[in-house]
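Chain residues, written in single-letter form:
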Amino acid sequence: MRTKNFRLLVAPLVALALLLASCGGSSTGNKPAPETGQQSSSSAAGGVASKPKVAILFTQFVDQGNWDVAGYAAYKAMCDKYDFDCSYMEQATYERAPALLRQYGQENYAMVITHSSGYAAAIEEVAPEFPKTQYVLFSYATDTHGLSNFSAWSVDFDQVGYLQGIIAGIASKDGKVAVAGAEKIPSSLREVSLIQKGVEVTKPNAKVTTVWTGSFVDVAKAKQVTEQAINSGVDFIVPVIDLADQGVYQAAEEHGIHVLGEYMDESAKAPNAIVTSVVIDMKGAYDQMGDLLTKNGLHGQIVQMNAASGAFSFAPFHNVDDSVVNEAKAKLADLASATLTVPNIDG
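First, a word on what this report is: a plain description of the structure on this page.

## A word on the packing of aromatic side chains
Moving on, step 1. Inspection of every chain in the model, using the stated rule, returns nine aromatic pairs.
Moving on, step 2. Between the aromatic rings of Y94 and Y119, the centroid separation amounts to 5.0 Å while the plane-to-plane angle is 85°, which identifies the pairing as edge-to-face. In this pair, Y94 is assigned in the loop between strand 3 (85-89) and helix 3 (97-106) and Y119 in the loop between strand 4 (111-114) and helix 4 (120-126), connecting sequence segments 25 residues apart.
Moving on, step 3. Assessed through its relative accessible area of 39%, Y94 is described here as partly exposed.
Moving on, step 4. Among the residues examined, Y119 registers a relative accessible area of 0% and is labelled buried.
Moving on, step 5. A ring pair is formed by F314 and F317, whose centres lie 5.5 Å apart and whose planes are at 70°; its orientation type is edge-to-face.
Moving on, step 6. When its relative accessible area of 18% is taken as the criterion, F317 is described as buried.
Moving on, step 7. An aromatic cluster is defined as three or more aromatic residues linked by ring pairs; in this entry it consists of W67, F138, F157, Y263 and Y286.

Structural data, given as structure tokens:
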């Protein structure tokens, strides 16, 4: 998925750059190098005006899982459309984020995007130091702290979880649904609760169980706990474990059980098992970022992404009849019009 127009900022190069910086190296020495054999378009000679430099941080890989894969596709489409000089960083941990964001600011990047809400603290720390660099967070945010160069596209994940549960409830024939989670962190516990509420709104007497893998990346463990759930009698599974989803898909495919994908059309991974996915309009969001950057329109705003804004849709449906498809689409329309609302789980 890495194309000629993109520079992959590999961890060893960045580590070396940061080491040089700590030893008093110049900002020129800290510049991340283009991938071997590729030249950054911003370094072209002959007096040609430089293209705006844009970078993005991902927590995992752009060719594995679903969240970062979908994000990378949206990012690349933006870069191609607006002809930015783009680079990306995989496995950019939250701990390393301040140093990475600071380095981009020192190198006069026009925009730096972070594809996870976990980078918020790093942006809050670094953005005031580099007012000419626009820092953008894609995932979830409630506040940009008055910073004119910290904007966010905030996904209503409560609605996403509720929709996932709704689809599971509609598609499950026996009303026995399992949710496969990774770690029992607050965001995961909340998502699981909302999935359960979604199942119940369509099948009030359904039984929803939750299995935990303890990891977002352990495919073997995900497959093991999924098989245990299948052996207990469930007929539909909702995975929310990103990279490890593949283990859920493998088990579902082998045992003839239906399962939900995440964030993008993943049907090719388990053609006989995956029913659909709740798709977040990442391409639309990233296109807005690119457009606003070219118009100097980023000024610390938070753009809400929810059903009412048209940010959610379904991937093509498979392995279910039309009645499931029609009911799922009707529920999404009800959510968009506020005829249906996400239940309060905070009380």
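Right, picking up where we left off after that structure.
## Quick notes on the state of the cysteines
Moving on, step 1. The tally for this structure, following the rule as stated, stands at one disulfide.
Moving on, step 2. The disulfide that involves C79 links it to C86, with 2.0 Å between the sulfurs. Between C79 and C86, the S-S dihedral sits near -90°, and the bridge is therefore left-handed.

## A word on the side chain of S154
Moving on, step 1. Looking at the secondary structure, you find S154 in strand 6 (residues 150-155).
Moving on, step 2. Among the residues examined, S154 registers a relative accessible area of 1% and is labelled buried.
Moving on, step 3. Separated by 3.0 Å, the side chain of S154 and the backbone nitrogen of A141 make a polar contact.
Moving on, step 4. With sequence-adjacent residues up to four places away left out, S154 is seen in contact with S139, Y140, A141, I302, V303, Q304 and M305.

## Focus on the pattern of salt bridges
Moving on, step 1. Scanning the model with the defined rule gives 10 salt bridges in all.
Moving on, step 2. Where D291 meets K295, a salt bridge forms, and the shortest distance between an N and an O atom there is 3.2 Å.
Moving on, step 3. Residue D291 is classed as partly exposed on the basis of its relative accessible area, which comes to 24%.
Moving on, step 4. The class for K295 is exposed, based on a relative accessible area of 57%.
Moving on, step 5. Salt bridges here are not isolated pairs; linked through shared partners, they connect R102, E125 and E129.

Thresholds applied
- Residues numbered from 1 in each chain as written.
- Predicted model: local features only at pLDDT ≥ 70, side-chain atom pairs only at ≥ 80, totals over all residues.
- Heavy atoms only, no water.
- Phe/Tyr/Trp six-rings, centres within 6.5 Å; stacked < 30°, edge-to-face > 60°.
- Helix = DSSP H or I, 4+ residues; strand = E, 2+ residues; numbered from the N terminus.
- Buried < 20%, exposed > 50% of the residue type's maximum accessible area, 1.4 Å probe, protein only.
- Disulfide = S-S within 2.5 Å.
- Polar contact = N/O pair within 3.5 Å; in protein donor to acceptor, adjacent residues only side chain to side chain.
- Contact = heavy atoms within 4.5 Å.
- Salt bridge = Lys/Arg side-chain N within 4 Å of Asp/Glu carboxyl O.

Take it as geometry only, folks, not as evidence of what the structure does.
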